[in-house]
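Survey of secondary and tertiary structure
Chain by chain, the residues:
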Amino acid sequence: MSSALGIDFGTSNSAVGFIKNGIPCLVELEDKRQTIPSAIFYDTEENAVLFGNEAIEFYVSGCEGRFLRSLKSILGSSLINESTEVGYKNILFKEIIIDFIAHLKKKAENAAGHAVESVVMGRPVWFVDADEQADILAQAHLEEIARRAGFQNIIFQYEPIAAALDYEQSVKQEELALIVDIGGGTSDFSVVRVSPDSRGKLDRKQDILANAGVHVGGTDLDLKLSLEQIMPLFGYKTRTRSLFPGDAILDLPATYYRELATWHKIVFLYNNRALQSVKNIHYHAERQDLAERLVRIIQKQEGHRLAGDVETAKIILSEQDTAAVALHYVETGLVTSVSRRIFEGDIEKEKERIVSKIHECLKQAGIAAASVQTLFMTGGSTAIPLIANACKHAVPAARLVAGNRFGSVGMGLTIDAGLKFGNGNKAIG
Ligand SMILES: Nc1ncnc2c1ncn2[C@@H]1O[C@H](COP(=O)(O)OP(=O)(O)OP(=O)(O)O)[C@@H](O)[C@H]1O
Ligand SMILES: [Mg+2]
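What you see is a predicted model; the values in this text were computed from it and never measured. (Residues numbered from 1 in each chain as written. Chains lettered and ligands numbered in written order. Predicted model: local features only at pLDDT ≥ 70, side-chain atom pairs only at ≥ 80, totals over all residues. Heavy atoms only, no water.)

Here we come to the overall build of the protein. Looking only at helices and strands, the protein has 14 helices and 18 strands in total. The C-alpha radius of gyration of the protein comes to 23 Å, within 12% of the 22 Å expected for a compact globule of 429 residues. Each of the three principal axes of the protein carries a C-alpha extent, and together these read 80 × 50 × 40 Å. Burial statistics for the protein: of 429 residues in total, 54% are counted as buried. If you average the places of the 46 positive and of the 54 negative side-chain charges in the protein, the two averages end up 2 Å apart. (Helix = DSSP H or I, 4+ residues; strand = E, 2+ residues; numbered from the N terminus. Rg over C-alpha atoms; globule rule 2.2 N^0.38 Å. Buried < 20%, exposed > 50% of the residue type's maximum accessible area, 1.4 Å probe, protein only. Lys, Arg positive; Asp, Glu negative; His and termini not counted. Charge placed at Lys NZ, Arg CZ, Asp CG, Glu CD.)

Right, let's get into the sheet that holds strand 5 (residues 39-43). In spatial order, the strands read 6-5-7; together these three strands make up an open sheet with antiparallel pairing. Strands with a single pairing partner mark the edges of an open sheet, and in this sheet they are strand 6 (48-51) and strand 7 (65-69). On average, adjacent strands in this sheet sit at an angle of 15° to one another, irrespective of strand direction. As paired elements, strand 5 and strand 6 share four bridges and run antiparallel to each other. By the bridge assignment for strand 6, D43 is matched with A48. (Pairing = 2+ DSSP bridges. Axes fitted to C-alpha atoms, helices over the stretch in contact; angles between N-to-C directions.)

This part is about the site of ligand 1. If you check the shell around ligand 1, you find 22 residues, and the closest are T11, S12, N13, E311 and S318. Here an oxygen atom of ligand 1 sits 2.8 Å away from a polar atom, N or O, in the main chain of G184. Within the side chain of K314, an N or O atom sits 2.7 Å from an oxygen atom of ligand 1. Across the complex, the protein chains shield 94% of the 650 Å² of accessible surface that ligand 1 would expose by itself. Within the residue set of the shell around ligand 1, elements represented by two or more residues are helix 6 (218-230) and helix 10 (303-317). Of the residues forming the shell around ligand 1, the biggest block, three residues, is contributed by helix 10. Looking at side-chain class alone, the shell around ligand 1 contains four nonpolar, 14 polar and four charged residues. (Near = heavy atom within 4 Å. Polar contact = N/O pair within 3.5 Å; in protein donor to acceptor, adjacent residues only side chain to side chain. Areas by Shrake-Rupley, 256 points an atom, 1.4 Å probe, with all protein chains shown as cover. Nonpolar A, V, L, I, M, F, W, Y, C, P; charged D, E, K, R; others polar.)

This paragraph deals with the pattern of salt bridges. Per the stated rule, a full pass over the model turns up 31 salt bridges. The partner of K351 in a salt bridge is E352, and the shortest N-O contact between them spans 3.8 Å. When the shortest N-O distance is used, the salt bridge between K357 and E360 registers 3.1 Å. Of this pair, K357 and E360 both sit in helix 12 (residues 348-365), three residues apart, which is roughly one turn of that helix. Judged by relative accessible area, E360 falls into the partly exposed class, the value being 39%. Linked through salt bridges whose partners overlap, the residues forming this network are E168, E174, R193, K201, R204 and D207. (Salt bridge = Lys/Arg side-chain N within 4 Å of Asp/Glu carboxyl O.)

Right, let's talk about the layout of surface pockets for a bit. Size it by volume and the largest pocket reaches roughly 1,000 Å³. Contributing to the lining of the largest pocket are 50 residues, with S12, N13, R69, E311 and F406 lying nearest its centre. Sorting the residues of the lining of the largest pocket by element identifies strand 2 (13-20), strand 4 (36-37), helix 1 (52-60), strand 7, helix 6, helix 10 and helix 14 (408-421) as the ones contributing at least two each. It is helix 10 that contributes the most residues to the lining of the largest pocket, eight residues altogether. Tallied by class, the residues present in the lining of the largest pocket amount to 13 nonpolar, 23 polar and 14 charged. (1 Å grid on protein atoms, 1.4 Å probe; cavity = no way out; pocket = protein on both sides within 12 Å on 5 of 7 lines; lining within 4 Å. Points joined across faces, edges and corners; volume = space filled by probe spheres on them.)

Once that is clear, we can look at the pairing of strand 9 (residues 89-92). Within a regular beta strand, the side chains point alternately toward one face of the sheet and then the other, so they alternate between its two faces. Relative to strand 9, strand 8 (residues 83-86) runs antiparallel, the two being bridged by four bridges. Bridge pairing in strand 9 places V86 opposite K89. What sits between the antiparallel neighbours strand 8 and strand 9 is a turn of two residues, in which G87 has the positive phi angle 60°.

Looking at where E344 falls in the secondary structure, it is placed in helix 11 (residues 340-346). Measuring from C-alpha to C-alpha, the distance between E344 and G422 comes to 46 Å, with 78 residues separating the pair along the chain.

To continue, consider empty space enclosed by the protein. Counted according to the given criterion, the structure contains five cavities of 30 Å³ or more. In this structure, the largest cavity spans a volume of roughly 80 Å³. Lining the largest cavity are T11, K72, S73, L75, G76, P124, F127, G185, T186 and H215. Of the residues that constitute the lining of the largest cavity, the class distribution is three nonpolar, six polar and one charged.

Here's what the structure looks like:
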């Protein structure tokens, strides 16, 4: 028997599923978890490759090797053709994503008990904001990656449409729904007519009224939280000192702080050139005590650990007014606290970009906000009260349905894989 997989390769988390005895199921990827962090660790001591939480654990425990996360963000950029040092080798980012996708494929094949050659892969509405050429190129890269990971038949589906297919499984009557998927890298929206009678229908062109998306996601919010409330502890926003009479006093360059706070760019700091540059910044810094921390974290390659701690603090801020961040690995006894009030103020622009894209999506669909009957929300960043409330505000008459925050898209892609490939390898429709 052959079948197809649905793969949600997310910026932060990934999932894979297949139809088992007629029912769409997500595969248990790690312990009993159906989603794993989109993280990979090349352990150069043991010459092993680790994935998901295991990759994070190995990296944080200080094993020698190279850690990477948020690789999806590289897809739409020129970085896709670059490589990173892993031990004595250089590995292309493309090859690293192939390793990750091949891992998901293998896990699913083990669970299914047979090889699978077909896949429906999720994709954001825009890999690159409103740039058609770059977007086509990004999808072509992902297609090549899927092929080189061993798939022969590859179909792409918009992530919010996948979420709509998942939601449709439970509807009792026809509804006009706004699907909101705010993840780690992008915010994606669709206006879709869902109905119990449409389940299993292949051609949904008439039901999909609009798709829209914008490159704003949880990783951008991590960046904001880090720059505004954490990086100042590393000397960000401080100035140079006067070494000689008449020296101009300047702000310390922001570049290295931004890279350290941007998930997919951290890896570019782990080389001698970057280290020499930050040592130079340290030399010129007025607050050498703070800049020394910047040198230390890059020297020890703990940038991802710091980004992980910032992300954890952000997640706590969805529930609490403040969150403690312990940075003992930077300096003994260094502990700070971040504030929700300040965070909410700092992400106002990101919130506005999300809201205006929702309005654009409704306009594209040719409907008034008041006609949306259901607001279906999925994606980790919809847990942020400020963001969730702004989405609710945009469609005030809609009933709110909270989807499985991390599994909806993967489940919808699996449903779609079942529809499009049936039991064979040839795509239907
Ligand atoms: N409770 C929470 N509060 C705030 N943010 C959260 C919470 N839980 C998860 N997140 C954030 O949600 C993001 C991950 O969500 P999700 O897994 O839906 O994204 P993804 O599918 O990997 O990304 P994308 O679809 O954009 O490629 C991360 O930025 C994470 O920090
Ligand atoms: Mg997602």
